Amino acid sequence: AQSVTQPDIHITVSEGASLELRCNYSYGATPYLFWYVQSPGQGLQLLLKYFSGDTLVQGIKGFEAEFKRSQSSFNLRKPSVHWSDAAEYFCAVGAAGSLYNFNKFYFGSGTKLNVKP
Amino acid sequence: NAGVTQTPKFRILKIGQSMTLQCTQDMNHNYMYWYRQDPGMGLKLIYYSVGAGITDKGEVPNGYNVSRSTTEDFPLRLELAAPSQTSVYFCASSSLMTGGTYEQYFGPGTRLTVT
């Protein structure tokens with residue numbers, strides 16, 4: 001069965017420190033992988049996505065993620081965290097298909113990031 | 001483009017009441033989705049649509065209904081509200097035809113409380 005696991009429910013880092021948020025997936029087909037961010041009271045905003053090619057992808061706000069097929073992982077990283085990065089982060093997986101084949105997204109349960117001054 | 005818009009932003013319902021959550025997108029996307037988000041549970045898919053006139057159930061469809069008469073609109077109907085439907089509801093849309101992009105675009109959400 002398809003699933004996405006984000007093993008860390010809460011993470012606290014100091015401002016300026018590096019960050020890594022973990023995401024592991026289980027998916028039978030070739031995955032498309034996504035990271036979304038949700039600020040309090042807001043909808044979800046796409047940070048970055050991986051479809052194919054270079055396994056290290058760059059996103060907005062200085063985030064990057066690396067796809068490791070052998071580990072079924074797509075971890076999100078940022079070298080230096082800013083206070084404005086405090087939010088909830090969701091990993092999601094989907095699959096390629098034709099226009100008439102619905103391809104569901106599977107979301108992880110999210111990781112809440114707190115940033116200490 | 002306004003993207004995906006949802007109304008209302010907040011609503012309190014009494015048990016047994018009905019309501020419709022509105023969702024509109026102006027990106028000409030084929031696919032539209034309704035999710036609910038409960039604390040610590042991530043997003044669960046309620047219903048989805050692959051185009052006007054075509055809808056299907058997601059993971060948690062009980063207690064909800066949808067319709068898709070136009071490409072732009074995808075309303076979600078709660079017929080007999082129950083406390084278990086207290087949640088934040090997100091509408092999203094996506095398209096496989098938009099230059100190869102596939103990500104879902106989300107609305108700002110509707111916070112619903114049933115008491």
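Everything quoted here is computed from the prediction, not taken from an experiment.

1. A word on the sheet that holds strand E1 (residues 4-7) of chain B
Strands in a sheet are paired, the pairing made by backbone hydrogen bonds, and the direction either parallel or antiparallel. Residue and element names in this part refer to chain B. In space, the four strands of this open sheet follow the order E1-E3-E8-E7, with antiparallel pairing throughout. Only two strands of the sheet have a single neighbouring strand rather than two, namely E1 and strand E7 (64-66). Taken over all neighbouring pairs, the strand axes of this sheet differ in orientation by 20° on average, direction set aside. The pairing of strand E3 (residues 19-25) with strand E8 (residues 76-78) spans three bridges and is classified as antiparallel. Bridge pairing links Met19 to Leu78 in E8.

2. Topic: the state of the cysteines
In a disulfide, the sulfur atoms of two cysteines are covalently bonded to one another. For the coordinates displayed, the defined rule picks out two disulfides over all chains. Here Cys23 of chain A is linked by a disulfide to Cys91 of chain A, with a sulfur-sulfur distance of 2.0 Å. Residues Cys23 of chain A and Cys91 of chain A are joined through a disulfide that is left-handed, its torsion about the S-S bond being -65°. Of this pair, Cys23 of chain A sits in the loop between strand E3 (19-21) and strand E4 (24-26) while Cys91 of chain A sits in strand E10 (residues 87-95); the two residues are 68 residues apart in sequence, bridging distant segments of the chain. Taken as a pair, Cys23 of chain A and Cys91 of chain A share a single burial class, namely buried. Disulfide pairing is shown between Cys23 of chain B and Cys91 of chain B; the S-S distance is 1.8 Å. The sign of the S-S torsion, about -70°, decides the handedness of the disulfide formed by Cys23 of chain B and Cys91 of chain B: left-handed. With Cys23 of chain B in strand E3 and Cys91 of chain B in strand E9 (residues 87-94), the pair connects residues that are 68 residues apart, well separated along the chain.

3. Comments concerning the packing of aromatic side chains
Under the defined criterion, the tally for this structure stands at 17 aromatic pairs over all chains. Counting every residue linked through ring pairs, the aromatic cluster contains Tyr32, Phe34, Tyr36, Phe51 and Phe107 of chain A together with Tyr31, Tyr33, Tyr35, Phe90 and Phe106 of chain B.

4. Observations regarding the pattern of salt bridges
Note on pairing: side chains with opposite charge can pair once their charged atoms come close. Residue and element names in this part refer to chain A. In the structure shown here, the tally under the stated rule is six salt bridges over all chains. Between Asp8 and Arg22 there is a salt bridge, with the nearest N and O atoms lying 2.9 Å from each other. Here Asp8, found in the loop between strand E1 (3-5) and strand E2 (10-14), pairs with Arg22, found in the loop between E3 and E4; they are 14 residues apart in sequence, far enough to count as distant. A relative accessible area of 18% places Asp8 in the buried class. When its relative accessible area of 38% is taken as the criterion, Arg22 is described as partly exposed. The closest approach of N and O atoms between Arg77 and Glu66, which form a salt bridge, is 3.3 Å.

5. Thoughts on the pairing of strand E8 (residues 64-68) of chain A
Each regular strand displays side chains that alternate between the two surfaces of the sheet. Residues and elements named next belong to chain A. Both strand E7 (residues 56-58) and E8 contribute to a ladder of three bridges, which runs antiparallel. Across the sheet, Val57 pairs through a bridge with Ala65, a residue of E8. Hairpin remark: E7 followed by E8, antiparallel, with five residues in the connecting loop; positive phi at Lys61, about 60°. Judged from the five bridges that link them, E8 and strand E9 (residues 73-78) form a sheet pairing that is antiparallel. Within the sheet, the bridge partner assigned to Glu66 lies in E9 and is Asn75.

6. Brief notes about the nonpolar core
Judged by nonpolar contacts, the single largest core of 28 residues is most densely connected at Leu19, Trp35, Leu47, Leu48, Phe74, Leu76 and Tyr89 of chain A. Mapped by element, the contributors of at least two residues to this core are E2, E3, strand E5 (31-38), strand E6 (44-50), E8, E9, E10 and strand E12 (111-116) of chain A. Examining the composition of this core, we find that four residues originate from one element, E10 of chain A, more than from any other. Setting aside chain neighbours within four positions, we find Phe74 of chain A in contact with Cys23, Leu33, Phe34, Trp35, Leu48, Tyr50, Val57, Ala65, Glu66 and Phe67 of chain A. Counting 20 residues, the second-largest nonpolar core is a separate cluster that includes Phe34 and Phe105 of chain A together with Leu43 and Val50 of chain B.

7. Remarks on the environment of Tyr89 of chain B
Residue and element names in this part refer to chain B. Along the chain, Tyr89 turns up in strand E9. For Tyr89, a relative accessible area of 0% gives the class buried. Residues Tyr89 and Arg111 lie 22 residues apart in sequence; the distance between their C-alpha atoms is 6.4 Å. Residues in contact with Tyr89, not counting those within four places in the same chain, are Gln6, Leu21, Trp34, Tyr35, Arg36, Ile46, Tyr64, Leu76, Leu78, Gly109, Thr110 and Leu112.

8. Notes on the side chain of Gln85 of chain B
Residues and elements named next belong to chain B. Among the secondary structure elements, Gln85 is positioned in the loop between E8 and E9. Given the relative accessible area of 4%, Gln85 is considered buried. A polar atom in the side chain of Gln85 sits 3.1 Å from the backbone oxygen of Gly63. Ignoring anything within four residues of it in the chain, the contact list for Gln85 reads Arg36, Asn62, Gly63, Tyr64, Leu78, Leu80, Leu112 and Val114.

Rules used in this analysis
- Residues numbered from 1 in each chain as written.
- Chains lettered and ligands numbered in written order.
- Predicted model: local features only at pLDDT ≥ 70, side-chain atom pairs only at ≥ 80, totals over all residues.
- Heavy atoms only, no water.
- Pairing = 2+ DSSP bridges.
- Helix = DSSP H or I, 4+ residues; strand = E, 2+ residues; numbered from the N terminus.
- Axes fitted to C-alpha atoms, helices over the stretch in contact; angles between N-to-C directions.
- Disulfide = S-S within 2.5 Å.
- Buried < 20%, exposed > 50% of the residue type's maximum accessible area, 1.4 Å probe, protein only.
- Phe/Tyr/Trp six-rings, centres within 6.5 Å; stacked < 30°, edge-to-face > 60°.
- Salt bridge = Lys/Arg side-chain N within 4 Å of Asp/Glu carboxyl O.
- Core = buried A, V, L, I, M, F, W, Y, C linked by side-chain atoms within 4.5 Å.
- Contact = heavy atoms within 4.5 Å.
- Polar contact = N/O pair within 3.5 Å; in protein donor to acceptor, adjacent residues only side chain to side chain.

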